[in-house]
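Each chain is listed here by its residues.
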Amino acid sequence: MTAPLVELQGVTKIYRLGEVEVPALRGVDLRVELQDFLALMGPSGSGKSTLLHILGLLDRPTSGQVLWEGQDITHLNGWRLAELRGSRIGFVFQMFNLVSNLTAVENVELPLVFLGVPPRERRKRAEEALVRLGLGDRLRHRPNQLSGGQQQRVALARALVTDPALLIADEPTGNLDTTTGREILTLFSELNHQGRTVVLATHDPEAAEVAKVRMRLRDGLIVEVF
Ligand code: ADP
Ligand code: MG
């Protein structure tokens, strides 16, 4: 039996704001197997983003363990964690988070800069990723010259250009109209069918329908899996 791609064991997260403690996760166990497609649901404030950030190695738990391919990486140093994240995980956000003064292709190149890929190869791979997402005619556009749906495709190309094992998306359709949102969800579905492991957070039941498994969070706990 092979280990899950990523596993959380008894993960808690408490944010400290001065004297005030905000419990965001209160003991989450979660296994993400290769080729899974999970949707995290639940109301605003239930802990979806916090969970995705820990799963995506953007943040650390207050207590509990994070295992990557069976290895406990909870206390891995920041650089090693960043390296693992940069090479194995792609992240897509609700607000696209593109760099506004860079072109589409330059945005998509960024993760490859971090990985030390030489410029010529970087450019080639970024262009290919954008072409695959139907943006071959928008390579030199800047984010403010693109529609919301196109910007989210650029963000998706940026997440995929490193060929990550795990694709994480936090409310990826939250800023898109219904039709455009559906197109983006269809892309996630296709990516999963091609073998990509996907975890997304959404409060939209229709968006969660595209996933294979849905998990409902409430007050920092997974309360339902269906
Ligand atoms: P969701 O994504 O489901 O809306 P979040 O994970 O963003 O939930 O938030 C869970 C809880 O943690 C909320 O009570 C929220 O206010 C709190 N929280 C989230 N991020 C921070 C932060 N950086 N500092 C303090 N509290 C936070
Ligand atoms: Mg959130």
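Throughout this description, residue numbers start from 1 for each chain and increase along the sequence as written. In the order they appear in the text, chains get letters beginning with A and ligands get numbers beginning with 1. Only residues with pLDDT of at least 70 get local features here, since the model is predicted, and only at 80 or more are side-chain atom pairs given and counted; chain-wide, interface and lining totals rely on the full set of residues. Water and hydrogen atoms were dropped before computing side-chain values, which therefore reflect all heavy atoms in the structure.

Novice: Tell me what's going on with the site of ligand 1, and back it up with residues and numbers.
Specialist: One heavy atom within 4 Å of a molecule or strand is enough for the residue carrying it to be called near that molecule or strand. Contacts to ligand 1 come from Tyr15, Leu17, Val22, Ala24, Pro43, Ser44, Gly45, Ser46, Gly47, Lys48, Ser49 and Thr50. Interatomic distance of 2.7 Å between a backbone N/O atom of glycine 45 and an oxygen atom of ligand 1. Between ligand 1 and glycine 47 there is a distance of 3.1 Å, counted from an oxygen atom to a backbone nitrogen or oxygen. Protein coverage of the free-state accessible area of ligand 1, which is 560 Å², stands at 63%. Within the residue set of the shell around ligand 1, elements represented by two or more residues are strand E1 (6-17), strand E2 (20-32) and helix H1 (48-55). A total of three residues in the shell around ligand 1 trace back to one element, the largest contributor, which is H1. We define a polar contact as two N or O atoms separated by no more than 3.5 Å, with the added condition that, inside protein, one atom must be a possible hydrogen donor and the other a possible acceptor, whereas residues neighbouring each other in sequence contribute only through side-chain atom pairs. Using a 1.4 Å probe, accessible areas were evaluated by the Shrake-Rupley method; residue-level cover was limited to the displayed protein chains. To qualify as a helix, a DSSP run of H or I must reach at least 4 residues; to qualify as a strand, a run of E must reach at least 2; elements of each kind are numbered from the N terminus.

Novice: Now, about the packing of aromatic side chains: what can you tell me, with residues and values included?
Specialist: Stacked, tilted and edge-to-face are the three classes applied to pairs of Phe, Tyr and Trp rings, where Trp contributes its six-membered ring and a pair requires centres within 6.5 Å; stacked means planes under 30 degrees apart, edge-to-face means over 60, and tilted covers the rest. On inspection of all chains with the given rule, the structure shows one aromatic pair. Plain terms: the ring middles of phenylalanine 91 and phenylalanine 93 are 4.8 Å apart, the flat faces sit at 15° to each other, and that makes the pair stacked. With a relative accessible area of 11%, phenylalanine 91 lands in the buried category. Each residue's exposure class comes from its accessible area (1.4 Å probe, protein chains only) as a fraction of the maximum for that residue type: buried when under 20%, exposed when over 50%, partly exposed otherwise.

Novice: For the sheet that holds strand E10 (residues 221-225), give the residues involved together with the corresponding values.
Specialist: Taking strand neighbours across the sheet as the criterion, the six strands line up as E6-E7-E8-E3-E9-E10 in an open arrangement whose pairing is mixed. Here the strands that pair on one side only, and so sit at the sheet edges, are strand E6 (89-92) and E10. Strand after strand, the sheet turns through a mean of 20° between neighbouring axes, direction not considered. Note on pairing: DSSP must find at least two bridges between two strands before they are called paired. Across four bridges, the pairing between E6 and strand E7 (residues 166-170) is parallel. When the sheet's bridge partners are listed, valine 92 is paired in E7 with alanine 169. Each axis is a line fitted through C-alpha atoms, taken for helices only over the stretch in contact, and angles between the N-to-C directions span 0 to 180 degrees.

Novice: Tell me about the sheet that holds strand E5 (residues 71-72), and name the residues and values.
Specialist: Read from one edge to the other, the open sheet built from four strands follows the order E2-E1-E4-E5, with strand pairing classed as antiparallel. Looking at strand neighbours, the two that pair on one side only are E2 and E5, the edges of this open sheet. With five bridges joining them, E1 and strand E4 (residues 63-68) adopt antiparallel strand pairing. Bridging across to E4, threonine 12 finds its partner in serine 63.

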